[in-house]
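Chain by chain, the residues run as shown.
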Amino acid sequence: MMRVLPPLLVIGGPAGSGKTSIAGAVAERIGAPVVGLDDSAGADQHAVDLITLQGRLDNHEDAPLVVVEGVFALALPPIRWAARWTVYVDTPLDISLARRALGQDDPRAVLQTYLDTGRAAHARNVAPGRQLADLVVDGTEPLPAIAARIHQFVLSRS
């Protein structure tokens, strides 16, 4: 049976790019729930549990719009194809890495993972989302400006 989803605004980009903060700010402006993929710990998009995601989206079936955010949000065709709008948060990797590391008690694990596998995984699985997105925003701009730009984009394409 095919399920009907509310319109999805999908936000992807590197871990530490600001996706979660941006999704929250946009959702607040629009009055929409946010569903996070909880995918930043996985090495690739195959770590995302699509069945669990579907269940979480089903909880918002009456919402006028749902914001979905995650590192691999644009790398997963089922999510990208279900999206009405897609956004890539383009933040330089050094800034994304610094944000992630500063969020940890011991940043060494974040830095080591980046050196071991993170950079290559980003290039393979996350960076291509930039070309797949309807809108690319600069993750170093002030949060209110980014949220306003995405909100205007959604309104203009509704």
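Shown above is the structure to which this text applies.
Quick caveat: nothing in here was measured; it's all calculated off a predicted structure.

A. Fine view of the environment of glutamine 54. Mapped onto the secondary structure, glutamine 54 falls in helix 2 (residues 50-58). A polar side-chain atom of glutamine 54 sits 2.8 Å from a polar atom in the side chain of aspartate 58.

B. Quick look at the pairing of strand 3 (residues 66-70). Of all five residues in strand 3, five are buried; the element is thus mostly enclosed. Judged by which residues are buried, strand 3 turns out to be covered on both faces: Val66, Val68 and Gly70 on one side and Val67 and Glu69 on the other are all buried. In terms of strand pairing, strand 1 (residues 8-12) meets strand 3 through five bridges, oriented parallel. Following the sheet pairing, leucine 9 is matched in strand 3 by valine 67. Strand direction decides the pairing type here: strand 2 (residues 34-36) and strand 3, joined by three bridges, are parallel. The partner of valine 35 across the bridge, within strand 3, is valine 68.

C. Looking closely at the side chain of threonine 86. Inspection of the secondary structure puts threonine 86 in strand 4 (residues 83-90). At a separation of 2.8 Å, a polar atom in the side chain of threonine 86 contacts the main-chain amide nitrogen of aspartate 134. With sequence-adjacent residues up to four places away left out, threonine 86 is seen in contact with Val10, Leu74, Arg80, Leu132, Ala133, Asp134 and Leu135.

Thresholds applied
- Residues numbered from 1 in each chain as written.
- Predicted model: local features only at pLDDT ≥ 70, side-chain atom pairs only at ≥ 80, totals over all residues.
- Heavy atoms only, no water.
- Helix = DSSP H or I, 4+ residues; strand = E, 2+ residues; numbered from the N terminus.
- Polar contact = N/O pair within 3.5 Å; in protein donor to acceptor, adjacent residues only side chain to side chain.
- Buried < 20%, exposed > 50% of the residue type's maximum accessible area, 1.4 Å probe, protein only.
- Pairing = 2+ DSSP bridges.
- Contact = heavy atoms within 4.5 Å.

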